Amino acid sequence: MTRPASTRDRHWRGDLRQGDLLQAGLFLALAAMLALALTLGAGTRGRELTTLALQLMGLATLPVVLFRLSSRWKRLDPWPIALCALMLLVPLIQLIPLPADLWARLPGRALAVETLRVADVPLASHPLSLTPDATWAAFLWILPAASLFLAALCLNDRRYRDLLVVTIGLLVLGTILAAIQHTTSLRWPTHPFSNNDFPVGFFANKNHQAGALAVGLPLAAAIGLRWRSTSPRFRHLGAIAYIGLTLVLVGGIVVTRSRAGLIMGGLGVFAGGLIYWRGLYAAKLGPRSGWVLVLILVTIAAVFGVGGVATINRFSEASGEERRLDSWPTIFSAAKAAQPAGTGLGSFDPVYRSVELADTMSRQYVNEAHNEYLQLWLEAGIAFPILLALFAAWLATKVVRLVRGPPGRDRSYAWAALSGIVILMAHSFVDYPMRTQALICVFALFCAGLARREDGAGA
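Residues numbered from 1 in each chain as written. Predicted model: local features only at pLDDT ≥ 70, side-chain atom pairs only at ≥ 80, totals over all residues. Heavy atoms only, no water.

Asker: Before we go on, may I ask you to explain the confidence of the model for the protein chain in this structure?
Answerer: Regions with low pLDDT should not have their predicted coordinates read in detail. Here the protein chain averages 80 in pLDDT, and 76% of its residues register 70 or above. Note on residues 14–19: pLDDT under 50 across the span, and 4 contacts to partners over four residues away in sequence or across chains. For the stretch residues 455–459, pLDDT sits under 50, and the model shows 16 contacts to residues farther than four places along the chain or on other chains. (pLDDT = per-residue confidence, 0-100. Contact = heavy atoms within 4.5 Å.)

Asker: Looking at this structure, how should I read the state of the cysteines?
Answerer: Disulfide: a covalent bond formed between the sulfur atoms of two cysteine residues. Here the structure, examined in full by the defined rule, presents 0 disulfides. Note on C84: no disulfide assigned, nearest cysteine sulfur contributed by C447 at a separation of 9.2 Å. (Disulfide = S-S within 2.5 Å.)

Asker: Sorry, what's going on with unusual backbone geometry here?
Answerer: Trans is the prevailing form of peptide bonds, just as negative phi is the prevailing case for residues other than glycine. The omega torsion across Q339 and P340 is 10°, close enough to zero to call that bond cis. Looking at the secondary structure, you find P340 in the loop between α14 (328–337) and α15 (348–355). Of note, H370 is a non-glycine position whose phi angle comes to about 55°, a positive value. Inspection of the secondary structure puts H370 in the loop between α15 and α16 (372–380). (Helix = DSSP H or I, 4+ residues; strand = E, 2+ residues; numbered from the N terminus.)

Asker: I tried to follow the side chain of Q94 on my own but got confused; where do I start?
Answerer: Structurally, Q94 can be placed in helix α4 (residues 78–94). A polar contact of 2.9 Å, which involves the side chain of Q94, links it to the backbone nitrogen of L345. Sequence-distant contacts of Q94, that is, excluding residues within four places in its chain, are made with P127, L128, S129, T135, A341, G344, L345, E379 and A380. (Polar contact = N/O pair within 3.5 Å; in protein donor to acceptor, adjacent residues only side chain to side chain.)

Asker: I'm lost on the layout of surface pockets in this one. Help?
Answerer: To find leftover empty space, one rolls a probe the size of a water molecule over the atoms. Considered as a void within the structure, the largest pocket measures approximately 1,500 Å³ in volume. Lining the largest pocket are 49 residues; nearest its centre among them are W141, I142, L376, M434 and I440. Broken down by secondary-structure element, the contributors of at least two residues to the lining of the largest pocket are α3 (48–70), α4, α7 (132–153), α15, α16, α17 (383–404) and α19 (437–451). Of the residues contributing to the lining of the largest pocket, the split by class is 33 nonpolar, 8 polar and 8 charged. (1 Å grid on protein atoms, 1.4 Å probe; cavity = no way out; pocket = protein on both sides within 12 Å on 5 of 7 lines; lining within 4 Å. Points joined across faces, edges and corners; volume = space filled by probe spheres on them. Nonpolar A, V, L, I, M, F, W, Y, C, P; charged D, E, K, R; others polar.)

Asker: Explain the pattern of salt bridges to me, please; I cannot follow it from the model alone.
Answerer: A side chain of one charge can pair with a side chain of the opposite charge if their charged atoms are brought near each other. Applying the stated criterion to the full structure yields 4 salt bridges. R435 is the salt-bridge partner of E372, the closest N and O atoms lying 3.0 Å from each other. Of this pair, E372 sits in helix α16 while R435 sits in the loop between α18 (412–427) and α19, placing them 63 residues apart in sequence. Its relative accessible area of 5% is what places E372 among the buried residues. (Salt bridge = Lys/Arg side-chain N within 4 Å of Asp/Glu carboxyl O. Buried < 20%, exposed > 50% of the residue type's maximum accessible area, 1.4 Å probe, protein only.)

Asker: Quick question: what am I supposed to make of empty space enclosed by the protein here?
Answerer: A complete count under the given rule lists 1 cavity of 30 Å³ or more for this structure. Reported here for the largest cavity is a volume of approximately 50 Å³. Mapped by element, the contributors of at least two residues to the lining of the largest cavity are α8 (157–183) and α9 (206–230). In terms of residues, the lining of the largest cavity owes the most to one element, α8, which gives 4 residues. Partitioning the lining of the largest cavity into residue classes produces 6 nonpolar, 3 polar and no charged.

In structure tokens form, the structure reads like this:
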């Protein structure tokens, strides 16, 4: 007796029968990129080989992606694609050589000019960036996320949803690794000496681990709703999946004892609950399925009751994280002095060393600003607030369209993508999640989810 083919098996065979090998190939390539980014690219330093592999994978897909997009240009939202192109242009513009006199007169160059004068080195043409090598490295760093964003636009809805399932699967795998680390001395080989006292999974930083799990909470709600709607005979399977994934992710956040993670996790729980309730309400199942949300709240309360006290107590403790925030006024002053040109992407470390105040020095090495907005304003100059304003305006238009869209259409994945973007942007106020390939690639995937066609047909 032969076993009936599952729906997913039929989908894969349907792809092959219809000759849609491109969809299957792009999905596998992007799934591999995400797996590499979330497992080996979850640190900010010493990941050169991983970054190189991601860059090569992104470049390998670009010709096919650009051809696919060019043939469907009128069916795409040009705004996010233009923003992606402008983001890539910023470091390239910063690498254009400038005449020596012009470069010397730029704000923020006085110390560099004085250093050259004391060393008796004549002024010569120089790129706008104070650290050209680091700026070129920053451009290459952005490439994988940009490639993933463009490639995800080419996926149909089903393949894009599958990619989100792969993402949350990798987050759960990282949580399982963190649970093992919680009871053993096992460390992930890519960063064996980072945050040894905390279960951080694939990440080198407890805050990044917690932030990554937080963006998985809205995804869990969207996946639960999807499974409920596609399996009417097993409609409770979606609720069980939502509850189980939420329990695992919230538990993973709590054991990191990350204060920022606790806040981001709260945002993720709220967004996930809202998405799930909205989906039930749209399906006219809200009153009969309220037990799901009640059970979610009870589960979260139990998890926080067991492990959240230690995290909450850390809010009253002084630590090196607060001392890092003491550097913000110095960074703000340096950024203000370097406007409008900025000092060049990747230049934060040497620039901060040159302006660091003695009373803010400590044994904690400040290699990043712990505030993406301050750091990018310093490095990119006025280009950063302009791009940020354009991106925020685009997000606002997507929110309006999601709210005003016709009823009856499932938009849970778009709401989950929007929630993930907001959580990562909020996290960026007190940390640097986008400095990891793992989270910048997830951010790019979410942006692609919002930039997709509204009729759901994909690119």
